[in-house]
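Report on the structure
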Amino acid sequence: MSYLLSHPGLVWQLTQEHLAMVGMTLGIAVVLALPLALLIHQVRWLALPVMGILSILYTVPSLALIILLVPWFGLNARSVVVAMVIYTQVILVRHFCVGLRSVEPAILEAAKGMGMNLWQRWWQVQVPLMLPIVLAGLRLAAIVAIAIATVGAKFGAGGLGTLLFDGIAQAGRYDKIWAGSLAVGSLALLVNTALLSLEWAARRG
Amino acid sequence: MSTVEFERVSLRFPHSSQPAVEECSFSVESGQLVVILGPSGCGKTTLLKMVNRLLDPTQGQIRLDGRDIRQFPVTALRQRIGYVIQQSGLFPHMTVAQNVAVVPRLLGWAKERIRERVDELLSLVNLPPHEYRHRYPAQLSGGQQQRVGLARALAGDPGLLLMDEPFGAIDAITRGKLQEEILRLQRQLKKTILFVSHDVEEALRLADRILVMQKGRVVQFDTPFRLLTQPATPFVRELLGADDMVRQLSVLRVETAMAGIPHNHKIQEGAMIRPQATLRQALSLLLRTGAAALTVWEDGRAIGVLTLDHIRSLAMLEGGSA
């Protein structure tokens, strides 16, 4: 705690690095997951193999996955972000699919029958109705990303993990370890709360 | 008001041995309420959905007001046809007002005009606007939801309404009320309505004409009275005759059974009846007054006559088959 208070500048900078990684991850992950979810929503038999592969990838330990990616993306934040994108796919694609399926076909047909075009049906009916589920997926993905980003410090990606790894390396710097843990935990809680309130707002309509 | 014509329309779904709709030809006059009646799986919903092109026929032509419906841009076609489905299909994330405003918004109406239209329509379907405007569909009963569904379908002032078993999931008492509402709105607004139902009583109560379907084909297209008295096939007789006579008399309207006015007709005091009255009411009036014929009276003038023979012709045929 005292470390957090005595080094606010450093902690703030690490938090920003952390958030930047998480933000970039979620941005890329959503852009990838949405078409994938739409595809397996339309072509049902693809759901099993796609979800199977994503689930298997999810079981690879994060440390191992990042190490495997380093030859391609280098020893920096990029490898870490790519790993996080891969991890969050299974969460996002599954939630997007559940969201797509949660909208009753009769409601979409009513929208069509009233003369909405594809674009209008998507933005005025499909998106608002699936939004709470999509946001729940985004929240889970964000938490997972925040956790994995911590490991990123080992690979020169910076972020709050730096405090933890420094603390371990400098044997006995428990203040740093505590500071890092507290900061990551608080960040996760904060992001969770923010997204949760968005979700509730969406649910209320 | 709109006319609808089907000309040898067939639809065969891919991978299906039987066509869902086969060689259907009929025309619906402007301002008529036509009930498409038949057992489930007979193709009645398929037939309906071809009118607003949710489905496209594999053969034949459908015309709206004399024009092939494929000549309209598909969204424009749908915006000029009201569409009501079972359990209303209201958008759960929109308020009642927003739901009703969907088509006017698509049509690009000004905000003020939309607001006025929404209030006007909610009043029309007996939902006081100030009370219901801001509610969500989940806060309404099934009957109220269906009223909103009806208001929503009417919002763009379409000439034609398509209704797909709109009251199927609603309890009997509420359904009766909604059926009365439909008849009232029909008289008031003079819309052409295609109404899918599998409920014989509902069909008899509402229809100017009933289109009976069986296995994708039109078996008979006629007034309720003539369907009962001159069924084209045993299937029609069985479909319509399943319920008992007295109940049929209590749902059939006078206007569906009346005849033209003979030139020597004398109007008898007290023996006058509204065209919307039921045959049962007509029968008791005939018995009570002892009149030979009832004068059917609307808006201060005679529009037809109804005699005991008319009613008896219905009763005898039905009695014979029972």
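Position labels on residues start from 1 in each chain and follow its written sequence. Each chain is given a letter, starting from A, and each ligand a number, starting from 1, according to the order in which they appear as written. Restriction of local features to residues with pLDDT of at least 70 applies here, the model being predicted, together with a cutoff of 80 or more for giving and counting side-chain atom pairs; totals for whole chains, interfaces and linings are based on all residues. Working from all heavy atoms in the structure, the side-chain values ignore hydrogens and water.

Topic: the overall build of chain B
- What counts as a helix is a DSSP run of H or I of at least four residues, what counts as a strand is a run of E of at least two, and both are numbered from the N terminus. A tally of regular secondary structure across chain B gives 15 helices and 13 strands.
- For the radius of gyration, the atom set is restricted to C-alpha positions; the globular benchmark scales as 2.2 Å times the number of residues to the power 0.38. For 322 residues, the compact-globule estimate of 2.2 N^0.38 gives 20 Å, and chain B sits close to it at 21 Å.
- If one aligns the C-alpha atoms of chain B with their principal axes, the spans along those axes are about 60 × 50 × 35 Å.
- Taking the intrachain contacts of chain B between residues at least 6 apart in sequence as the baseline, contacts between residues at least 24 apart amount to 66%.
- The protein chains shown are the only cover counted for residues, whose accessible areas, like all others here, come from Shrake-Rupley with a 1.4 Å probe. Counting only carbon and sulfur atoms, one obtains 49% of the accessible surface of chain B, whose full area is about 14500 Å².
- For chain B, the distance from the average position of its 39 positive side-chain charges to the average position of its 33 negative side-chain charges is 3 Å. Any two residues having at least one pair of non-hydrogen atoms within 4.5 Å are treated as being in contact. The positive count covers Lys and Arg only, the negative count covers Asp and Glu only, and His and the chain ends enter neither. In this description, the location of a charge corresponds to atom NZ of lysine, CZ of arginine, CG of aspartate or CD of glutamate.

Things to note about the pairing of strand 10 (residues 217-222) of chain B
Residue and element names in this part refer to chain B.
- Strand direction decides the pairing type here: strand 9 (residues 209-214) and strand 10, joined by 5 bridges, are antiparallel. Directly across from Val212, in strand 10, lies its bridge partner Gln220.
- Count of turn residues in the strand 9/strand 10 antiparallel hairpin: 2 residues, of which Lys215 carries a positive phi of about 45 degrees. When DSSP finds two or more bridges between two strands, those strands count as paired.

A short note on the packing of aromatic side chains
- Between 30 and 60 degrees the pair is tilted, below 30 it is stacked and above 60 it is edge-to-face, where a pair is any two Phe, Tyr or Trp rings, Trp via its six-membered ring, whose centres lie within 6.5 Å. Per the stated rule, a full pass over the model turns up 6 aromatic pairs over all chains.
- Taking 4.6 Å as the distance between ring centres and 15 degrees as the angle between the ring planes, the aromatic pair formed by Phe6 of chain B and Phe26 of chain B counts as stacked. Within this pair, whereas Phe6 of chain B is found in strand 1 (residues 4-11), its partner Phe26 of chain B is found in strand 2 (residues 21-28), the two being separated by 20 residues in sequence. Taken individually, Phe6 of chain B and Phe26 of chain B each receive the classification buried, so the pair is uniform in this respect.
- Linked through ring pairs, Trp119, Trp122 and Trp123 of chain A together constitute an aromatic cluster.
- Throughout this description, the term charge over a ring refers to an Arg CZ or Lys NZ atom that lies within 6 Å of the ring centre and within 35 degrees of the ring normal. Sitting above the plane of the Phe91 of chain B ring, Arg152 of chain B keeps its charged end 4.8 Å from the centroid.
- Positioned above the aromatic ring of Phe221 of chain B is the side chain of Arg209 of chain B, whose terminal nitrogen or guanidinium carbon lies 4.4 Å from the ring centre. To sort residues, take the accessible area from a 1.4 Å probe on protein chains only and compare it with the maximum for the residue type: under 20% means buried, over 50% means exposed, and anything in between is partly exposed.

As for the confidence of the model for chain B
Residues and elements named next belong to chain B.
- Across chain B, the average pLDDT comes to 88, with 97% of residues at 70 or higher.
- The lowest-confidence element of chain B is helix 15 (residues 308-321), averaging 66 in pLDDT; the highest-confidence one is strand 3 (residues 33-37), averaging 96.
- Scoring of the predicted complex yields 0.81 for pTM and 0.80 for ipTM. Confidence per residue, as judged by the predictor, is encoded in pLDDT with a range of 0 to 100.

What about helix 5 (residues 77-102) of chain A?
Residues and elements named next belong to chain A.
- What a helix is expected to span follows from its residue count: subtract one and scale by 1.5 Å. With 26 residues, helix 5 ought to run about 38 Å at 1.5 Å a step, and its terminal C-alpha atoms sit 36 Å apart, in line with that.
- A maximum bend of about 35 degrees is found in helix 5 at Thr88.
- For helix 5, the capping residue at the N-terminal end is Asn76, with a side-chain oxygen 2.9 Å from the backbone nitrogen of Arg78. Note that the bend at a residue is defined as the angle between axes fitted to the seven residues ending at it and the seven residues starting at it. Here a polar contact is recorded for every N or O atom pair within 3.5 Å, except that within protein the pair must consist of a potential hydrogen donor and a potential acceptor, and residues adjacent in sequence are included only if both atoms are side-chain atoms.

Let's talk about the interface of chain B and chain A
- Contacts between chain B and chain A engage 21 residues on the former and 18 residues on the latter.
- Here the buried area means the combined drop in accessible surface, using a 1.4 Å probe, for two parts upon being joined, counting both sides. For the pairing of chain B and chain A, the buried interface totals around 1600 Å² over both sides, and the portion due to carbon and sulfur atoms is 67%.
- Definition used for salt bridges: Asp or Glu carboxyl oxygen within 4 Å of a side-chain nitrogen of Lys or Arg. Remark: the boundary between chain B and chain A carries 1 salt bridge.
- Of the charged contacts in the structure, one is a salt bridge between Lys49 of chain B and Glu109 of chain A, with a shortest N-O distance of 2.9 Å.
- At the junction of chain B with chain A, the criterion picks out 4 residue pairs in polar contact (both at pLDDT 80 or more).
- Every element with two or more residues in the side of chain B that touches chain A is listed here: helix 2 (74-79), strand 6 (81-85) and helix 4 (102-106) of chain B.
- Counting residues per element, the side of chain B that touches chain A draws most heavily on helix 4 of chain B, at 4 residues.
- A breakdown of the residues in the side of chain B that touches chain A according to their chemical character gives 12 nonpolar, 5 polar and 4 charged. Throughout, the ten residues Ala, Val, Leu, Ile, Met, Phe, Trp, Tyr, Cys and Pro are labelled nonpolar, Asp, Glu, Lys and Arg are labelled charged, and all others, Gly among them, are labelled polar.

With respect to empty space enclosed by the protein
- Think of a 1 Å grid over just the protein atoms. A cavity is a set of points where a 1.4 Å probe fits yet cannot get out, a pocket is an open set with protein on both sides within 12 Å along at least five of seven lines, and lining residues have an atom within 4 Å of a point. Grid points are joined across faces, edges and corners, and a volume is the space filled by probe spheres set on the points. Under the counting rule described, the total for this entry stands at 3 cavities of 30 Å³ or more.
- Approximately 60 Å³ is the volume attributed to the largest cavity.
- Taken together, Gly113 and Met114 of chain A together with Arg78, Gln79, Ile81, Gly82, Tyr83, Val103, Arg152, Ala153, Gly156 and Pro158 of chain B form the lining of the largest cavity.
- Broken down by secondary-structure element, the contributors of at least two residues to the lining of the largest cavity are helix 2, strand 6 and helix 7 (142-154) of chain B.
- It is strand 6 of chain B that contributes the most residues to the lining of the largest cavity, 3 residues altogether.
- Class assignment of the residues belonging to the lining of the largest cavity gives a composition of 6 nonpolar, 4 polar and 2 charged.
- The calculated volume of the second largest cavity comes to roughly 40 Å³.

What about the sheet that holds strand 10 of chain B?
Residues and elements named next belong to chain B.
- The 6 strands are arranged 6-7-8-3-9-10 in an open sheet whose pairing can be described as mixed. Of all strands in the sheet, those with a lone pairing partner are strand 6 and strand 10, marking the two edges. Neighbour-to-neighbour, the strand axes of the sheet open up by a mean angle of 15 degrees, direction not taken into account.
- Contacting strand 3, strand 9 and strand 10, helix 11 (residues 234-241) runs over the sheet at an angle of about 115 degrees to strand 9. Lines fitted to the C-alpha atoms define the axes, with helices restricted to the stretch that makes contact. Angles between their N-to-C directions range from 0 to 180 degrees.

Examining helix 8 (residues 161-169) of chain A
- Of all the positions in helix 8 of chain A, only Gly161, Leu163, Leu164 and Gly167 of chain A are classed as buried. Projection of helix 8 of chain A onto a plane perpendicular to its axis shows the buried side chains occupying an angular sector of 160 degrees, all on one side. This arc describes the spread of directions from the helix axis toward the C-beta atoms.

So, the sheet that holds strand 5 (residues 67-68) of chain B
Residues and elements named next belong to chain B.
- One open sheet holds the 4 strands; their spatial order is 2-1-4-5, and the pairing between them is antiparallel. Edge strands, defined here as strands with exactly one partner in the open sheet, are strand 2 and strand 5.
- Sheet topology note: the strand 1/strand 4 (residues 59-64) ladder contains 5 bridges and is antiparallel. Counterpart to Val4 in the pairing with strand 4 is Leu64.

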